[in-house]
Amino acid sequence: MRQGTRLAESASATDTARTPDDDPADLAAALRTGPFHTALRTAIAARRLPLQRVRHHLAQQGVTVGVTSLSYWQQGARRPRRAESLRAVRALEEILQLPEESLIRLLARPVERGDGERPAARSYRSLVEASDVLRTLLTELGCPSDGGLHTIGHHERVRIGARREMTGRESQHIVRAHRDGVDRYVAIYHGDPGCAPDRVRVRALENCRTGRVRWHQDTGVLVTELLFDTRLRAGDTHLFGYGFEDGTAGPAAEYVRGFPFAGGQYALQIRFDDRALPVRCHRFTQHSAAAPRGGRQELTLSGSHRSVHLVEPQVRAGLLGIAWDWE
């Protein structure tokens, strides 16, 4: 896979874009009241540093911390505890131009209820950032807002590996064209925190072939063209299969699918490695990324295949997914 020049330019623009956390008053308040992950996230945003650059600055001071760990720290999914991690926090205070002991002091506070070791769900802000990046990538591919296809049926299979990471997913997709001349579908992949999209492999499995692929490193968003061997006429249907091989991110705690419009049938299956089984699973719905989650329903892990699933006969606009707890 190759990252185009225009994508590199868009990534640079994203790094320097102003965000709500750029306000010095917000940073001062976060350092005063915490919690740690909020203060760290606000400080990184205020300095306009992507996590790759933060990791580079730490390495220059002889401290090795991965982008995945930094991502988890600023989301509250993990807390620095070991001596080497605390050394990294002190180095971050210098790199981010913060008062001495300002982050260390917040770490000394008791952990609030809910701020545990469970991998955090993607924040609303991260979803918004990914949406902005997605628009840039789709524009680069010259994709119209209307791709000319309606989904009739979609069956996804997601695999979770022995390290609790998403190792990949496969899709069987049935679409109908509502205009003449459609010859491709654009698939979107949004990796978990720490994902390296340049190492994600796209697989064209059935009745399609891979076209152009673009990605954005910091958000883990990847888009790819899946080219059909024929041009569809209005009313024609097409069945095709494709997949993504990942395994580059940290532990996963959920899989969410967004539907901008109401559509056909959707089925989602999550299969877990025998060496990493969750203690509970449930399905959920959301009207939007900013809305509270509802429609919760407990799911039972199958004994032989170590999987859970949901089936929605007629999807509604919004978000639908499965979440699980490791402990």
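Residues numbered from 1 in each chain as written. Predicted model: local features only at pLDDT ≥ 70, side-chain atom pairs only at ≥ 80, totals over all residues. Heavy atoms only, no water.

*Asks:* Any chance you could explain the sheet that holds strand β7 (residues 237-245) here in plain terms?
*Replies:* Think of a sheet as strands paired side by side through backbone hydrogen bonds, with each pair either parallel or antiparallel. With respect to topology, six strands assemble into an open sheet ordered β4-β7-β2-β1-β9-β12, the strand pairing being mixed. Both outer strands of the open sheet, β4 (201-206) and β12 (307-312), are each paired with one neighbouring strand and no more. Between one strand axis and the next, the sheet turns by 15° as a mean value, whatever way the strands run. Across 11 bridges, the pairing between strand β1 (residues 149-160) and strand β2 (residues 166-177) is antiparallel. Paired with L149 across the bridge in β2 is A177. (Pairing = 2+ DSSP bridges. Helix = DSSP H or I, 4+ residues; strand = E, 2+ residues; numbered from the N terminus. Axes fitted to C-alpha atoms, helices over the stretch in contact; angles between N-to-C directions.)

*Asks:* Just checking my understanding: could you explain the nonpolar core for this structure?
*Replies:* Grouped burial of nonpolar side chains is what soluble globular proteins tend to show. Membership of the largest hydrophobic core comes to 41 residues, with the highest contact counts inside it found for I160, I270 and W324. Beyond its immediate stretch of four places on either side in the chain, I160 contacts E165, M166, T167, A252, I270, R271, F272, D273, W324 and W326. (Core = buried A, V, L, I, M, F, W, Y, C linked by side-chain atoms within 4.5 Å. Buried < 20%, exposed > 50% of the residue type's maximum accessible area, 1.4 Å probe, protein only. Contact = heavy atoms within 4.5 Å.)

*Asks:* Explain the sheet that holds strand β6 (residues 221-232) to me, please; I cannot follow it from the model alone.
*Replies:* The strand order β3-β6-β5 describes an open sheet built from three strands, whose pairing is antiparallel. Edge positions in the open sheet fall to β3 (182-190) and β5 (209-216), since each of these has one partner strand only. Across the sheet, the mean angle from the axis of one strand to that of its neighbour is 20°, orientation sign disregarded.

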